[in-house]
Amino acid sequence: MRILLVEDETAIAQIVLHALRAEGFEAVHCPTGGEALAAARAQAFDLAVLDVGLPDIGGFALCRELRRERDLPVIFLTAQDAEADRILGLEIGADDYVTKPFSPRELVARVRVVLRRLQPVAQAPGDAASFVHDPDGKRIRYRGRALDLTRYEYGLLAALLQRPGSVLSRAQLMDRVWGDALESGDRTVDTHIKTLRAKLRDVAPDADAIRTHRGLGYSLEGDE
Ligand code: CA
């Protein structure tokens, strides 16, 4: 597992790097957002730990940039408790955050939890939830058949596949799939979920992989 650490304070970065490597993670440190974006273009990361206060680009903006190409789990390092709501809220869509000062052990534990939560779905043939996701090619196969998805249908399914069994709210899905786009509203998500469901039903008329949770959002049927 390869972790991207973006932190401008060298002392903190050294401690975190040490803790991650001691636990068997491969860790790459970048002191600025610019360097982080270059690093992410050069190699794939499984998770990013981002300081909110960076010298060149804010941690939140960096998060958005990093996720523009592919989804990436993110844990923020923040100096203010007050930022927590924004971080875990819909606006940013982070997976977790740690408030400074923090213990490196705690941070590593959080990294483990997030990575475990994002384990891919079982891909046994014939399994009800048998999706095969190729993030690089932005393709998803369902029960052995390639799905012909629009950009937004793909985005929605990819977001749900990241956390089978977990409910994602419409706002979270909007944030992950539409990002900065002006088009917005619950209807937008519902409309694309509807067409996505129809395509899944074409493959497996008896199964309904996407579950609706009234008033909450959607989840993908998982193993949990
Ligand atoms: Ca900082």
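K.L.:
Please clarify how the coordination of the calcium ion should be interpreted in this entry.
P.N.:
Bound to the calcium ion on the protein side are Asp8 (OD), Asp51 (OD) and Gly53 (O), at distances that span 2.2 to 2.4 Å. The sequence pattern formed by the donor residues of the calcium ion is D-x42-D-x1-G. Remark: glycine 53 occurs in the loop between β3 (47–51) and α3 (59–69) and aspartate 8 occurs in the loop between β1 (2–6) and α1 (10–22); sequence separation between them is 45 residues.

K.L.:
Would you explain helix α6 (residues 151–162) in this entry?
P.N.:
Each α-helix turn comprises 3.6 residues. Residues three or four places apart therefore point the same way. The end-to-end C-alpha distance of α6, which contains 12 residues, comes to 17 Å, matching closely the 16 Å that a straight helix rising 1.5 Å per residue would cover. With 10 of 12 residues buried, α6 is to be regarded as a mostly interior element. Among all positions of α6, only Tyr152, Glu153, Tyr154, Gly155, Leu156, Leu157, Ala158, Ala159, Leu160 and Leu161 are buried.

K.L.:
Teacher, can you tell me more about the sheet that holds β3 here?
P.N.:
Pairing between the strands of a sheet comes from backbone hydrogen bonds, and it takes one of two forms, parallel or antiparallel. Pairing in this open sheet of 5 strands is parallel, and the strands run β2-β1-β3-β4-β5 from one edge to the other. Here the strands that pair on one side only, and so sit at the sheet edges, are β2 (26–30) and β5 (96–99). The sheet shows a mean angle of 20° between the axes of neighbouring strands, taken without regard to direction.

K.L.:
Is there a simple way to explain the nonpolar core in this structure?
P.N.:
Phe131, Ile140, Tyr142 and Leu157 are the most contacted members of the largest nonpolar core, which has 29 residues in total. At the level of elements, β7 (139–142), α6, α7 (170–178), α8 (186–203) and β10 (217–220) are the ones that each hand at least two residues to this core. With 8 residues, the single largest contributor to this core is α6. In terms of nonpolar packing, the next biggest core, distinct from the first, is built from 23 residues, Leu4, Cys30, Leu37 and Leu72 among them.

Criteria and cut-off values
- Residues numbered from 1 in each chain as written.
- Predicted model: local features only at pLDDT ≥ 70, side-chain atom pairs only at ≥ 80, totals over all residues.
- Heavy atoms only, no water.
- Donors = N, O, S within 2.8 Å, 3.2 Å for Na, K, Ca; no water.
- Helix = DSSP H or I, 4+ residues; strand = E, 2+ residues; numbered from the N terminus.
- Expected span 1.5 Å × (residues − 1).
- Buried < 20%, exposed > 50% of the residue type's maximum accessible area, 1.4 Å probe, protein only.
- Pairing = 2+ DSSP bridges.
- Axes fitted to C-alpha atoms, helices over the stretch in contact; angles between N-to-C directions.
- Core = buried A, V, L, I, M, F, W, Y, C linked by side-chain atoms within 4.5 Å.

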